[in-house]
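Per-entry structural report
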Amino acid sequence: MEQMSARRSASMKWKGVICPIMEKKFKGLFNVSKTWAISRSSDDLYEVRCNPSVSVNISSRSCSCGEWQINSFPCAHAFCALKRGGKNLNDYVDHYYSVDAFHNTYSKSINPVPTIWKDVSVGSDANVLLPPLCNKRLMSTQHCR
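Residues numbered from 1 in each chain as written. Predicted model: local features only at pLDDT ≥ 70, side-chain atom pairs only at ≥ 80, totals over all residues. Heavy atoms only, no water.

Considering all chains together, one arrives at seven aromatic pairs under this definition. Each ring, one from Trp68 and one from Tyr92, has its centre 6.5 Å from the other, and the planes form 65 degrees; the classification is edge-to-face. Within this pair, whereas Trp68 is found in helix α3 (residues 67–71), its partner Tyr92 is found in the loop between α4 (76–84) and α5 (99–105), the two being separated by 24 residues in sequence. Plain terms: the ring middles of Tyr96 and Tyr97 are 5.0 Å apart, the flat faces sit at 85 degrees to each other, and that makes the pair edge-to-face. Exposure remark for Tyr96: the relative accessible area of 62% places this residue in the exposed category. For Tyr97, a relative accessible area of 16% gives the class buried. (Phe/Tyr/Trp six-rings, centres within 6.5 Å; stacked < 30°, edge-to-face > 60°. Helix = DSSP H or I, 4+ residues; strand = E, 2+ residues; numbered from the N terminus. Buried < 20%, exposed > 50% of the residue type's maximum accessible area, 1.4 Å probe, protein only.)

Relative to the helices and strands, Ser11 is located in helix α1 (residues 2–11). At a separation of 3.0 Å, a polar atom in the side chain of Ser11 contacts the main-chain carbonyl oxygen of Arg8. Apart from the residues within four sequence positions on either side, Ser11 is in contact with Phe102 and His103. (Polar contact = N/O pair within 3.5 Å; in protein donor to acceptor, adjacent residues only side chain to side chain. Contact = heavy atoms within 4.5 Å.)

Before going further, it helps to examine the UniProt feature "domain: SWIM-type" (unreviewed entry) in the chain. If you check UniProt for "domain: SWIM-type" (unreviewed entry), the listed places come out as residues 54–86 in our numbering. Within residues 54–86, the helical portion is 42% and the strand portion 18%, while the C-alpha atoms at the span's ends are 19 Å from each other. (UniProt positions renumbered as here; feature names shortened; annotations may be inferred.)

Burial along strand β3 (residues 54–57) is one-sided: Val54 and Val56 are buried, and none of Ser55 and Asn57, which face the opposite way, are. Note: strand β2 (residues 45–49) against β3, four bridges, orientation antiparallel. Looking at β3, one finds that Glu47 is bridged to Ser55. What sits between β2 and β3 in their antiparallel hairpin is a turn of four residues. The pairing of β3 with strand β4 (residues 62–63) spans two bridges and is antiparallel. From the neighbouring strand, Asn57 faces β4, where its bridge partner is Ser62. A loop of four residues connects β3 with β4, the two strands running antiparallel in sequence, and Arg61 in this loop sits at a positive phi of about 50 degrees. (Pairing = 2+ DSSP bridges.)

The next thing to look at is helix α2 (residues 20–33). Taking 1.5 Å of rise per residue, 14 residues should cover 20 Å, and α2 covers 20 Å from first to last C-alpha, within 8% of that figure. The complete set of buried residues in α2 reads Met22, Phe26, Leu29 and Ser33. Along the axis of α2, the buried residues cluster in a sector spanning 60 degrees; they form a single face. For α2, exposure combined with an orientation more than 90 degrees from the buried face picks out Ile21, Lys24 and Lys27. Those residues of α2 hidden inside the fold are in contact with α4. (Expected span 1.5 Å × (residues − 1). Arc of directions from axis to C-beta.)

Where empty space is left becomes clear once a probe the size of a water molecule has been rolled over the atoms. Roughly 200 Å³ of volume is contained in the largest pocket. Forming the boundary of the largest pocket are Trp14, Cys19, Ile21, Met22, Tyr96, Tyr97, Ala101, Phe102, Thr105 and Tyr106. For the lining of the largest pocket, the residue count by class is nine nonpolar, one polar and no charged. (1 Å grid on protein atoms, 1.4 Å probe; cavity = no way out; pocket = protein on both sides within 12 Å on 5 of 7 lines; lining within 4 Å. Points joined across faces, edges and corners; volume = space filled by probe spheres on them. Nonpolar A, V, L, I, M, F, W, Y, C, P; charged D, E, K, R; others polar.)

Dropping the structure here:
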């Protein structure tokens, strides 16, 4: 309950479109990819020359490295292609990473659950039903018949 409440409160201060952690990742992708050369094949198809070179298809949200398809978040290669194509990066991030999705996840409250179990001490006068005793030898002979 406390974790849900803390995350809800913290997220109310966020101003961006995607979660701050993912915004930070975008900044890291810029640093990783700033030395790569990019060639445009069409409006949506790019070659990113790094080691090894990869192809990025913006319309299908795919990169030959496979990371964009797995994470639904642009990899460094896709980041380069999107920047080169003048695209809005936020439009190519899955809704899962958005501030709205985070708000929806933590918007509901978890109601406290009252303790319904009572401490039962096993004694001579307690009304506790114990499991039946089992004789292993008896059980093994029954299965053989």
